[in-house]
Amino acid sequence: MTGSAYRQLEIRWIDLDPTRGAETRKKRPCVVLQSDLVNKGSRTIIVAPLLPGGKDWPFVVNISPTRKNGLDQTRHVNLKQLRAVDVSRIKNLQGRLEKRYLEPIKTAIGLVFDL
């Protein structure tokens, strides 16, 4: 399957193993951050993991569970753990992140990269 099947703000289960050191590991829900235009035909997709619970850190965005996003609990998107993954790592669709989270995500990414 090529990247054209993936859309920005989708929450997909992704197998992040193998990892090294402090990298986020295991099969986890992740948010697709790469734009739809770049996803088209791409063999890699840029994602950020959704980790359990909320955090009060400037490089995370806390996400509340809704029917649309399909999350089972409050989670946080860790924008310090951005990762380009091969599409073979991408598993099933969990849901779609609401657009209201896009600006806070952009702000957190800007902080991480000092943009």
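In what follows, the structure referred to is the one given above.
So, how was this worked out
Residues numbered from 1 in each chain as written. Predicted model: local features only at pLDDT ≥ 70, side-chain atom pairs only at ≥ 80, totals over all residues. Heavy atoms only, no water. Helix = DSSP H or I, 4+ residues; strand = E, 2+ residues; numbered from the N terminus. Buried < 20%, exposed > 50% of the residue type's maximum accessible area, 1.4 Å probe, protein only. Pairing = 2+ DSSP bridges. Core = buried A, V, L, I, M, F, W, Y, C linked by side-chain atoms within 4.5 Å. Contact = heavy atoms within 4.5 Å. Polar contact = N/O pair within 3.5 Å; in protein donor to acceptor, adjacent residues only side chain to side chain.

Draft legend 1. Spatial organisation of unusual backbone geometry. Unusually for a residue other than glycine, L9 sits at a positive phi of about 80 degrees. Residue position: L9 is located in the segment before β1 (10-15). At D114, a residue that is not glycine, the phi angle is positive and equals roughly 55 degrees. Locating D114 in the fold gives a position in the segment after α2 (102-113). For D114, a relative accessible area of 70% gives the class exposed.

Draft legend 2. Representation of the pairing of strand β2 (residues 27-32) in the model. A large share of β2 lies buried, amounting to 5 of its 6 residues. Summarising the sheet, β2 and strand β3 (residues 44-52) pair through 3 bridges and their orientation is antiparallel. Among the inter-strand pairings, C30 is bridged to a residue of β3, identified as P49.

Draft legend 3. Quick peek at the nonpolar core. In this structure, V31, I63, L79 and L97 are the most contacted members of the largest nonpolar core, which totals 15 residues. Looking at this core, the elements that each hand over two or more residues are β3, β4 (60-63) and α2. Contacts of L79, omitting those with residues within four sequence positions, involve L33, A48, F59, V60, V61, I105, A108, I109 and V112. Ranked by size, the runner-up nonpolar core spans 10 residues in total, among them V32, I45, V87 and I90.

Draft legend 4. Expanded view of the environment of N92. Along the chain, the position of N92 falls in strand β7 (residues 90-96). On the accessibility criterion, N92 (43% relative accessible area) is partly exposed. For the pair N92 and L102, spaced 10 residues apart in sequence, the C-alpha to C-alpha distance is 22 Å. The contacts of N92, once residues within four sequence positions are left out, are I11, R12, W13 and K27.

Draft legend 5. Expanded view of the pairing of strand β6 (residues 83-86). Going residue by residue along β6, you find R83 and V85 tucked away on one face and A84 and D86 left uncovered on the opposite face. For β3 and β6, the ladder comprises 4 bridges, and the chain directions are antiparallel. Residue pairing across strands places I45 opposite V85, the latter belonging to β6.

Draft legend 6. Focus on the side chain of S42. Position of S42 relative to the elements: it lies in the loop between α1 (36-39) and β3. Within the structure, the side chain of S42 is placed 2.5 Å from the backbone oxygen of T44, a separation counted as a polar contact.

All we've got here are geometric facts, nothing functional implied.
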